Amino acid sequence: MMNMQSKDTRLVARVDEETQKLIAHAAELTGRSLSQFLIYAAKKEAMEAERQAVQIRVSRKSADRMLALLDNPEPINPELRAAALKHRKLARDFKDRRN
């Protein structure tokens, strides 16, 4: 099957000879060309970096506190309740004007 992906961007990296030999050997062991191996490894690392960037880590104590608050929420204070009701009315009025 023909690969129809565009290959119009080039990445260049300079490394010492020992690193180049290590990467070339690893590529050979996996049956990939040097370019394929570098792209695979870089993409894998980039995806992991993205995953970690969006993942929230909290201590066990903080997690327990969040779960306790979800199970037993504190009562809504009057100012928050008034703001929520005002927002609901504004949203309803806006929707009615659009229809």
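Let me sum up the structure you'll find in this document. These figures come from a predicted structure and were not determined experimentally.

Cut-off values and rules
- Residues numbered from 1 in each chain as written.
- Predicted model: local features only at pLDDT ≥ 70, side-chain atom pairs only at ≥ 80, totals over all residues.
- Heavy atoms only, no water.
- Helix = DSSP H or I, 4+ residues; strand = E, 2+ residues; numbered from the N terminus.
- Rg over C-alpha atoms; globule rule 2.2 N^0.38 Å.
- Buried < 20%, exposed > 50% of the residue type's maximum accessible area, 1.4 Å probe, protein only.
- Areas by Shrake-Rupley, 256 points an atom, 1.4 Å probe, with all protein chains shown as cover.
- Lys, Arg positive; Asp, Glu negative; His and termini not counted.
- Charge placed at Lys NZ, Arg CZ, Asp CG, Glu CD.
- Salt bridge = Lys/Arg side-chain N within 4 Å of Asp/Glu carboxyl O.
- Phe/Tyr/Trp six-rings, centres within 6.5 Å; stacked < 30°, edge-to-face > 60°.
- Lys NZ or Arg CZ within 6 Å of the ring centre and 35° of its normal.
- Axes fitted to C-alpha atoms, helices over the stretch in contact; angles between N-to-C directions.
- Parallel < 35°, antiparallel > 145°, perpendicular 65-115°, else oblique.
- Contact = heavy atoms within 4.5 Å.
- Expected span 1.5 Å × (residues − 1).
- Polar contact = N/O pair within 3.5 Å; in protein donor to acceptor, adjacent residues only side chain to side chain.

1. Some thoughts on the overall build of the protein chain
In terms of regular secondary structure, the protein chain is built from four helices and zero strands. Ordering the α and β elements of the protein chain from the N terminus gives α-α-α-α. Computed over the C-alpha atoms, the radius of gyration of the protein chain is 27 Å, more than 25% above the 13 Å expected from 2.2 N^0.38 for a compact globule of 99 residues. In terms of principal-axis extent, the alpha carbons of the protein chain reach across some 70 × 45 × 30 Å. Each of the 99 residues in the protein chain was classed as buried or not, and the buried ones make up 3%. A total of about 10,300 Å² of accessible surface is found on the protein chain, and carbon and sulfur atoms cover 57% of it. In the protein chain, 20 positive and 14 negative side-chain charges are present, and the distance between their average locations comes to 8 Å.

2. Some points on the pattern of salt bridges
Throughout the structure, instances matching the rule amount to five salt bridges. With a closest N to O distance of 2.8 Å, D93 and K89 form a salt bridge. Remark: K89 and D93 occur in helix α4 (residues 78-98); sequence separation between them is four residues, near one turn of the helix. Owing to a relative accessible area of 28%, D93 belongs among the partly exposed residues under this scheme.

3. Quick word on the packing of aromatic side chains
Aromatic ring pairs are described here by two measures, namely the spacing of the ring centres and the angle between the planes. This model, assessed by the stated rule, comprises zero aromatic pairs. One cation-aromatic arrangement involves R32 over Y40; the distance from NZ or CZ to the ring centre is 4.0 Å.

4. Overview of the packing of helix α1 (residues 17-30) against helix α2 (residues 34-54)
Two elements in contact, α1 and α2, have axes separated by 9 Å at closest approach and are oriented at 95 degrees. In terms of orientation, α1 lies roughly perpendicular with respect to α2. Contact residues: Q20, I23, A24, A26, A27 and T30 in α1; L34, F37 and L38 in α2.

5. A closer look at the environment of L69
Looking at where L69 falls in the secondary structure, it is placed in helix α3 (residues 60-71). Each C-alpha atom of the pair L69 and E45 lies 36 Å from the other, and the pair is 24 residues apart in sequence.

6. Looking at α1
Over its 14 residues, α1 extends 20 Å from the first C-alpha to the last, a length consistent with the 20 Å expected when each residue adds 1.5 Å. N-cap assignment for α1: the residue whose side-chain oxygen lies 3.1 Å from the backbone N of E18 is D16. Positive phi appears at G31, one or two residues downstream of α1, with a value of about 80 degrees.

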